[in-house]
Amino acid sequence: MEFAKEIISQYGYFAIYGLLALGVIGLPIPDEVLMTFVGYLASISVLDYSVSIAVCFGGAFTGGILSYTIGRKAGRPLFDRYGKWIGVNAKRFSRVETWFLKYGSWSVILGYFIPGVRNLMCCFSGMSRMRMGRYAIISGIGAFVWCVVFISIGFYVGVLT
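This one's a predicted model, so the numbers in the text were calculated from it and none came from an experiment. (Residues numbered from 1 in each chain as written. Predicted model: local features only at pLDDT ≥ 70, side-chain atom pairs only at ≥ 80, totals over all residues. Heavy atoms only, no water.)

Draft legend 1. Here's a closer look at the pattern of salt bridges. Here the structure, examined in full by the defined rule, presents two salt bridges. In this structure, D31 engages R118 in a salt bridge whose closest nitrogen and oxygen atoms are separated by 3.4 Å. With D31 in helix α3 (residues 31-43) and R118 in helix α6 (residues 117-127), this residue pair connects regions lying 87 residues apart in the sequence. Each member of the pair D31 and R118 is classed as buried. The partner of E32 in a salt bridge is R118, with the nearest N and O atoms 2.9 Å apart. Taken together, the residues span a long stretch of sequence, with E32 in helix α3 and R118 in helix α6 at a distance of 86 residues. Here E32 matches R118 in class, with each residue buried. (Salt bridge = Lys/Arg side-chain N within 4 Å of Asp/Glu carboxyl O. Helix = DSSP H or I, 4+ residues; strand = E, 2+ residues; numbered from the N terminus. Buried < 20%, exposed > 50% of the residue type's maximum accessible area, 1.4 Å probe, protein only.)

What follows is the structure, encoded as structure tokens:
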């Protein structure tokens, strides 16, 4: 967390945007902790609450779109080549893909709230060929709600202390 604090103090909103985008793509960045900290900084007037939500949403949404694109372009070939090494055969993948096409919208929205699953849902949306427009709307809703919830938690914890 010290690293994030240092980066935010030097680069402000640009750092928040970049860290969230990279976290959603899959780098080991504690996104929820970062957003809660951003909310706390907003509560003590270091950052602006509304701007923080907009910047966090932008970073999360950008990361989701990049992850979707990676899944769409490279996910299937990587799966075909290495899936057997992680115990996922074509039949199992097809079953998961059918389920995802049926319930994928809710999976993407709810997946934002589960570390690790968030990254997989975005990538798997691309792998399963979910339409980009549909994905963008669903991912946007999930990212926005996710950002508002965690920034608000940090903000109200800061106000109460």
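Draft legend 2. Fine view of the UniProt feature "transmembrane region" (unreviewed entry) in the chain. Those places that UniProt annotates as "transmembrane region" (unreviewed entry) correspond, in this numbering, to residues 12-29, 49-71 and 135-159. The annotated region residues 12-29 carries 72% helix and 0% strand content, and the separation between its end C-alpha atoms amounts to 17 Å. Between the first and last C-alpha atoms of residues 49-71 the distance is 33 Å; the span itself is 100% helix and 0% strand. (UniProt positions renumbered as here; feature names shortened; annotations may be inferred.)

Draft legend 3. Examining helix α5 (residues 90-111) more closely. Taking 1.5 Å per residue as the helical rise, α5 with its 22 residues ought to reach 32 Å, whereas the 23 Å between its terminal C-alpha atoms falls clearly short. For α5, the principal kink sits at Y103 and spans about 80 degrees. For α5, the full list of buried residues reads F93, E97, F100, G104, S105, S107, V108, I109 and G111. (Expected span 1.5 Å × (residues − 1). Bend = angle between axes of the 7 residues up to and from the residue.)

Draft legend 4. Quick peek at unusual backbone geometry. Of note, the phi angle at S45 is positive, near 65 degrees, even though the residue is not glycine. Relative to the helices and strands, S45 is located in the loop between α3 and α4 (49-82). Taking relative accessible area as the criterion, S45 reaches 65% and is therefore assigned exposed.

Draft legend 5. Inspection of the environment of E2 at higher detail. Turning to its location among the elements, E2 is positioned in helix α1 (residues 2-11). Among the residues examined, E2 registers a relative accessible area of 56% and is labelled exposed. Residues E2 and R72, 70 residues apart in the sequence, show an inter-C-alpha distance of 35 Å.

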